[in-house]
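Below, each chain spelled out in residue letters.
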Amino acid sequence: MTEFSFSSKNKLTLKEFEIVNTSNYDFSGHFADPHKQENELKVEIVKIEDDGMFLEFDMIGYDPSVANAVRRLLLSDVPTMAIEKVHIYQNTSIMQDEVLAHRMGLIPLKADPRLFKWKEEGTEDEGTEDDTLQFSLQVRCKHNPDKSSGDPYLDNKVFTKHLKWIPKGSQKDKLINPGPVEDDILINKLRPGHEMDMKLFAVKGVGRDHAKFSPVATAFYRLHPEIRINRDVFDESAIRLVKCFTPGVMQLEPTEDGRKKAKVLDARNDMCSRNVFRHEDLKDAVTLEKRKDHFIFNVESTGAIKSTELVPMAIDVLLEKCELYINEIDSQSKE
Amino acid sequence: MSSLLPPDKDGGNRLSVLEGDTSSGEECRTYVFRKENHTLGNCLRTMLLKNPQVQFAGYTIPHPSEDVMHLRIQTVEGYPAQSALRKAFVDLKTHASQLKTKFVTAVDNFEKEGS
């Protein structure tokens, strides 16, 4: 009993020592799919969790260059706000100024970068209300006068909740709480007598410049796996075969004559460990493949913008680039 | 709302042609893109190869320390390489817009089902 597969060309095969059929046959003159029909290209949402911050979706039928472009754009070309300049007036804590400033830059901010302009180079740190967000951090650690409570110190741990937003100009009308995404990110630890007094300036930037500006915790894709059973496997071998794959991928089903047979339930969640090749007798029983045009994307946002909005923003960046170059070509050809 | 792309501090054109190519005719060109990499390069190459009038299309990043990408296009007689490039950009724009619409529709349908 073999399954009919439409085209072996669009699947890559995972063998014991190699992966075959990985190339895309993209050289000019080879038109396996000249301008794929629009209805063959699909986008399906699988999961949205965490109030829109985590997204799993599928891109089916697309070329890997486009899928990779979306992934790369999400990581390095979609802008975010992050702290860039730190004015330290007082820092008597153990942590060095530069290490502390570095940590402040990595704090994710809720501010929407689309409401801000790009800050010009060379302008002063204070900035204007259109391009800069100002915060202040002032903490001083003291002994706890209340001897009975467990904590001997007051304010010995500096969290992101100690950051105060200083609205500039008309920002207080336009922005609602552009502070850190989480209140309980630990910045520094102090002891009585230590003090921190800083002014922080956040600007708009892209991940290409510094990873702190990346809007995603990460964004990645994998190809949809496929498992084909070449010959039926029963009983003890079937149990071993099922164990080779991620739980939930294969299962045992009872046959008419009372034996148990291995069957593929859903290959989607398989982590492609190729464990089956460790068993000499089971190696030929299955063929492990991946669909070359089915991308399973995972996008996890840092918290500033929802993942469901980040993907269209990434495509918008690509559209803007195309627009920019079309205009350049047109203006250059007029000369 | 401000543009999504950061401003170009160096100014000037982001796209230029490699010297010495114009002597071979309109059909062969190597384009030099400043501040571009695989994100745009691979997509453009794919779009160019879908064009039946393009005989050769390839991109390279000469050195990873420099933010430069070269795109080589060779076309059939009578079809200028610049038209092929412009068409590739237009095709990429259409393709990306369609992808965006499909994605946004999919999200809307998913959220409607959930509620």
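Please read all numbers here as calculations on a predicted model, not as lab measurements.

### Observations concerning the side chain of B:Arg14
Logical step 1: For B:Arg14, the position within the fold is in the segment before β1 (15-17).
Logical step 2: Since its relative accessible area comes to 10%, B:Arg14 is described here as buried.

### Section: helix α1 (residues 38-49) of chain B
All names here are of chain B.
Logical step 1: Relative to the 16 Å expected for 12 residues at 1.5 Å per residue, α1 spans 16 Å between its end C-alpha atoms, a close match to the ideal helical length.
Logical step 2: In terms of burial, α1 is a largely internal element, 11 of the 12 residues being buried.
Logical step 3: All buried positions along α1 are accounted for by Thr39, Leu40, Gly41, Asn42, Cys43, Leu44, Arg45, Thr46, Met47, Leu48 and Leu49.

### A few points about the side chain of A:Asn144
Logical step 1: Positionally, A:Asn144 belongs in the loop between β7 (142-143) and β8 (153-154).
Logical step 2: In contact with A:Asn144, other than residues within four places in its own chain, are A:Ser149, A:Asp151, A:Pro152, A:Tyr153 and A:Leu154.

### Topic: the packing of helix α1 (residues 64-76) of chain A against helix α5 (residues 307-334) of chain A
A pair of packed helices is characterised by two quantities: the angle between their axes and the separation of those axes.
Residue and element names in this part refer to chain A.
Logical step 1: Relative to each other, α1 and α5 sit at 100°, their axes nearing to 9 Å. In terms of axis orientation, α1 runs roughly perpendicular to α5. Across from Val70, Leu73 and Leu74 in α1, the residues of α5 making contact are Leu310, Val311, Ala314, Val317, Leu318 and Lys321.

### Notes on the interface of chain A and chain B
Logical step 1: Counting from both sides, the interface comprises 55 residues of chain A and, opposite them, 50 residues of chain B.
Logical step 2: Across the interface of chain A and chain B, roughly 5100 Å² is buried in total on both sides, 66% from carbon and sulfur atoms.
Logical step 3: Linking chain A with chain B are four salt bridges.
Logical step 4: Notably, a salt bridge pairs B:Arg86 with A:Asp330, separated by 2.7 Å at the nearest N-O pair.
Logical step 5: For the pair chain A and chain B, the number of links is 17 residue pairs in polar contact (both at pLDDT 80 or more).
Logical step 6: Elements with a contribution of two residues or more to the side of chain A that touches chain B: β3 (42-49), β4 (54-60), α1 and α5 of chain A.

### Focus: the confidence of the model for chain B
Close reading of the predicted structure is inappropriate where its pLDDT is low.
Logical step 1: For chain B, per-residue confidence averages 90 on the pLDDT scale, and residues scoring 70 or more make up 97% of the total.
Logical step 2: Reported confidences for the modelled complex are a pTM of 0.90 and an ipTM of 0.94.

### Quick look at the sheet that holds strand β10 (residues 163-166) of chain A
Residue and element names in this part refer to chain A.
Logical step 1: Taken in spatial order, the four strands line up as β5-β12-β6-β10 in an open sheet, and their pairing is antiparallel. The outermost strands of the open sheet, each flanked by one partner alone, are β5 (80-91) and β10. Across the sheet, the mean angle from the axis of one strand to that of its neighbour is 25°, orientation sign disregarded.
Logical step 2: As paired elements, strand β6 (residues 133-140) and strand β12 (residues 195-205) share eight bridges and run antiparallel to each other.

### Quick look at the nonpolar core
Logical step 1: The biggest cluster of nonpolar side chains holds 63 residues, and the ones touching the most others in it are A:Phe57, A:Met59, A:Leu74, A:Val311, B:Phe33, B:Leu85 and B:Phe89.
Logical step 2: Element by element, the count of residues in this core is highest for α5(A), at 12 residues.
Logical step 3: If we ignore the near neighbours within four places in the chain, the residues touching B:Phe33 are A:Tyr325, B:Arg14, B:Leu15, B:Leu44, B:Asp67, B:Val68, B:Met69, B:Leu71, B:Leu85 and B:Phe89.
Logical step 4: Core analysis: the next-biggest nonpolar cluster, separate from the first, contains 23 residues, A:Leu109, A:Phe116, A:Val139 and A:Val158 among them.

Rules used in this analysis
- Residues numbered from 1 in each chain as written.
- Chains lettered and ligands numbered in written order.
- Predicted model: local features only at pLDDT ≥ 70, side-chain atom pairs only at ≥ 80, totals over all residues.
- Heavy atoms only, no water.
- Helix = DSSP H or I, 4+ residues; strand = E, 2+ residues; numbered from the N terminus.
- Buried < 20%, exposed > 50% of the residue type's maximum accessible area, 1.4 Å probe, protein only.
- Expected span 1.5 Å × (residues − 1).
- Contact = heavy atoms within 4.5 Å.
- Axes fitted to C-alpha atoms, helices over the stretch in contact; angles between N-to-C directions.
- Parallel < 35°, antiparallel > 145°, perpendicular 65-115°, else oblique.
- Buried area = accessible area lost by both parts, 1.4 Å probe.
- Salt bridge = Lys/Arg side-chain N within 4 Å of Asp/Glu carboxyl O.
- Polar contact = N/O pair within 3.5 Å; in protein donor to acceptor, adjacent residues only side chain to side chain.
- pLDDT = per-residue confidence, 0-100.
- Pairing = 2+ DSSP bridges.
- Core = buried A, V, L, I, M, F, W, Y, C linked by side-chain atoms within 4.5 Å.

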